Amino acid sequence: MAKPRHYRLPSRKSSSSSTTLIFTMLVMFSFVVLILVALGILSVPSSSGDSPMANDLTSIVHKTADRKTDDDGNSERWVEVISWEPRAFVYHNFLTKEECEYLINLAKPNMKKSTVVDSETGKSRDSRVRTSSGTFLARGRDKTIRTIEKRIADFTFIPVEHGEGLQILHYEVGQKYEPHYDYFLDDFNTVNGGQRMATLLMYLTDVEEGGETVFPAAKGNFSSVPWWNELSDCGKKGLSVKPKMGDALLFWSMKPDATLDPSSLHGGCPVIKGNKWSSTKWMRVSEYKA
């Protein structure tokens, strides 16, 4: 004859002990948190408005002091966030002086009048809105180019295969590039590699006056940037970056949700004094067949 099974219900005493243990642990945890806050080790987020807003450019820490150099005499590299609309970052001393001079000397024999992309046909055409001269360097052309392209990929987290070849540009006094978008508005150019999603603009020379890269549609209190008083009249029409040899400006033409970003509208202010050499690298959504 099978023996009847007996089930034992948990006692109230055991349940009460568990509740007491949990409560004790919560009290101890709260006590530890209070101690950490009091010592300044832990901070509590505040909604009082003390924290800088995303488009508050007064939060930029512009390091203008002399930078340390390594054993090879190259300046220290560091990144500065300058805008969130559009997303834009300056990588200071991205290129060495030798690399800047190498790119300029490599491009000089092949410079031609710069063109723009026709939004209807997708083909290149001459235009008064862009008065510089330029040339393209094939991707992976030599060891120096490959080294720079690898550094760009490491900085942007975009594979080398998604980048177009470097474009070298030269602006003389009075030359400029009116505000424009780097993303395509036609189907012709998106066939090979898809939409342009980001641009890296590398400055190969200093410019005595003018020649800024300006974002007239950027969001923010432009006059609060530390270099405001150094800008030309054109540079004060938006968020601007002054050319400095070796620096690289990265900005995104597409938002994180893959939609086009109108705030990425940008242009090159007229050079007032000096010469401006720069190099542009466009990154595509898909692998780009050079």
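The model shown is predicted, which means the values in this text are computed figures rather than measured ones. (Residues numbered from 1 in each chain as written. Predicted model: local features only at pLDDT ≥ 70, side-chain atom pairs only at ≥ 80, totals over all residues. Heavy atoms only, no water.)

K.L.:
Even after reading the chapter, I still don't get the state of the cysteines, so can you show me in this structure?
P.N.:
Disulfide: a covalent bond formed between the sulfur atoms of two cysteine residues. Enumeration over the complete set of coordinates arrives at one disulfide. Shown here is the disulfide that connects C234 with C269, its sulfur atoms set 2.2 Å apart. The chirality of the disulfide connecting C234 with C269 is left-handed, given an S-S dihedral of about -80 degrees. Placement of C234 in the loop between β11 (213–215) and β12 (239–241) and of C269 in the loop between β14 (266–268) and β15 (271–273) is noted, with a sequence separation of 35 residues between them. Judged by relative accessible area, C234 falls into the partly exposed class, the value being 22%. Judged by its relative accessible area of 1%, C269 falls in the buried class. (Disulfide = S-S within 2.5 Å. Helix = DSSP H or I, 4+ residues; strand = E, 2+ residues; numbered from the N terminus. Buried < 20%, exposed > 50% of the residue type's maximum accessible area, 1.4 Å probe, protein only.)

K.L.:
What is the right way to look at the sheet that holds β11 in this model?
P.N.:
Backbone-to-backbone hydrogen bonds join strands into a sheet, with any given pair of strands oriented parallel or antiparallel. The sheet built from four strands is open, its strands ordered β8-β14-β11-β12 with antiparallel pairing. Only two strands of the sheet have a single partner each, and these edge strands are β8 (177–180) and β12. Pairs of neighbouring strands in the sheet enclose a mean axial angle of 15 degrees, with direction left out of account. As paired elements, β11 and β12 share three bridges and run antiparallel to each other. Each bridged residue has a counterpart across the sheet, and for F215 the counterpart in β12 is L239. (Pairing = 2+ DSSP bridges. Axes fitted to C-alpha atoms, helices over the stretch in contact; angles between N-to-C directions.)

K.L.:
Can you help me understand helix α3 (residues 143–156) in this one?
P.N.:
Side chains of residues three or four places apart in an α-helix project in the same direction, reflecting 3.6 residues per turn. The end-to-end C-alpha separation of α3 is 20 Å, in line with the 20 Å expected for 14 residues at 1.5 Å each. What α3 keeps buried is the set I145, I148, E149, R151, I152, A153, F155 and T156. Of the residues flanking the start of α3, the one acting as N-cap is D142, its side-chain oxygen 3.1 Å from the backbone nitrogen of T144. (Expected span 1.5 Å × (residues − 1). Polar contact = N/O pair within 3.5 Å; in protein donor to acceptor, adjacent residues only side chain to side chain.)

K.L.:
Would you explain the confidence of the model for the chain in this entry?
P.N.:
As a general rule, the predicted coordinates of low-pLDDT regions are not to be interpreted in detail. With 77% of its residues at a pLDDT of 70 or more, the chain has an overall mean of 84. The model gives residues 44–48 a pLDDT under 50, and that stretch makes one contact with residues more than four places away or in other chains. (pLDDT = per-residue confidence, 0-100. Contact = heavy atoms within 4.5 Å.)

K.L.:
Teacher, can you tell me more about the sheet that holds strand β16 (residues 276–284) here?
P.N.:
Pairing in this open sheet of eight strands is antiparallel, and the strands run β1-β2-β13-β9-β16-β7-β6-β3 from one edge to the other. With partners counted over all chains shown, the strands left at the sheet margins are β1 (78–84) and β3 (112–113), one partner each.

K.L.:
Hey, could you run me through the nonpolar core in this one?
P.N.:
What tends to happen in soluble globular proteins is that the nonpolar side chains get buried as a cluster. Judged by nonpolar contacts, the single largest core of 28 residues is most densely connected at F94, L103, L200 and M202. Put simply, the parts of the chain that give this core at least two residues each are β2 (87–92), α2 (97–107), α3, β7 (166–171), β9 (196–203), β13 (248–252) and β16. Among the elements that make up this core, the one with the highest residue count is α2 (five residues). Discounting residues that sit within four places of it in the chain, M202 has contacts with F94, L95, I148, I152, L166, D247, A248, S278, S279 and K281. Within the second largest apolar cluster, 17 residues are counted, among which are F215, F222, V225 and V241. (Core = buried A, V, L, I, M, F, W, Y, C linked by side-chain atoms within 4.5 Å.)

K.L.:
Would you explain empty space enclosed by the protein in this entry?
P.N.:
Think of a ball as big as a water molecule: rolled over the atoms, this probe shows where empty space is left. Summed over all chains, the structure comprises two cavities of 30 Å³ or more. There is about 190 Å³ of room inside the largest cavity. In this structure, the largest cavity is lined by 18 residues; those nearest its centre are Y171, Y177, L201, H266 and T280. Listing elements by their share of the lining of the largest cavity, those giving two or more residues are β7, β8, β9, β14 and β16. Of the residues forming the lining of the largest cavity, the biggest block, four residues, is contributed by β16. For the lining of the largest cavity, the class distribution of residues is six nonpolar, nine polar and three charged. Size it by volume and the second largest cavity reaches roughly 50 Å³. Residue lining of the second largest cavity: E149, I152, A153, T156, I158, P159, V160, G163, K281 and M283, and that is the complete set. Contributing elements (two or more residues each) for the lining of the second largest cavity: α3 and β16. Sort the elements by how many residues they give to the lining of the second largest cavity and α3 lands first, with four residues. (1 Å grid on protein atoms, 1.4 Å probe; cavity = no way out; pocket = protein on both sides within 12 Å on 5 of 7 lines; lining within 4 Å. Points joined across faces, edges and corners; volume = space filled by probe spheres on them. Nonpolar A, V, L, I, M, F, W, Y, C, P; charged D, E, K, R; others polar.)

K.L.:
I tried to follow the packing of aromatic side chains on my own but got confused; where do I start?
P.N.:
Centre distance and the angle of the planes are the two values used to describe a pair of aromatic rings. Within the structure shown, the criterion is met by seven aromatic pairs. Both rings, one in Y91 and one in F94, keep their centres 5.0 Å apart while their planes meet at 75 degrees; by these two values the pair is edge-to-face. For Y91, a relative accessible area of 17% gives the class buried. Judged by centre distance (4.7 Å) and plane angle (15 degrees), the ring pair of Y181 and Y183 falls under stacked. Taking the relative accessible area as the measure of exposure, Y181 reaches 32% and is therefore partly exposed. Given a relative accessible area of 9%, Y183 falls into the buried group. (Phe/Tyr/Trp six-rings, centres within 6.5 Å; stacked < 30°, edge-to-face > 60°.)

K.L.:
Would you mind showing me how to read the side chain of E212 here?
P.N.:
Residue placement: E212 occurs in the loop between β10 (209–210) and β11. Although buried, E212 forms no salt bridge, and the nearest oppositely charged side chain, K242, lies 4.9 Å from it. Within the structure, E212 has its side chain in polar contact with the backbone nitrogen of S232 (distance 2.8 Å). (Lys, Arg positive; Asp, Glu negative; His and termini not counted. Salt bridge = Lys/Arg side-chain N within 4 Å of Asp/Glu carboxyl O.)

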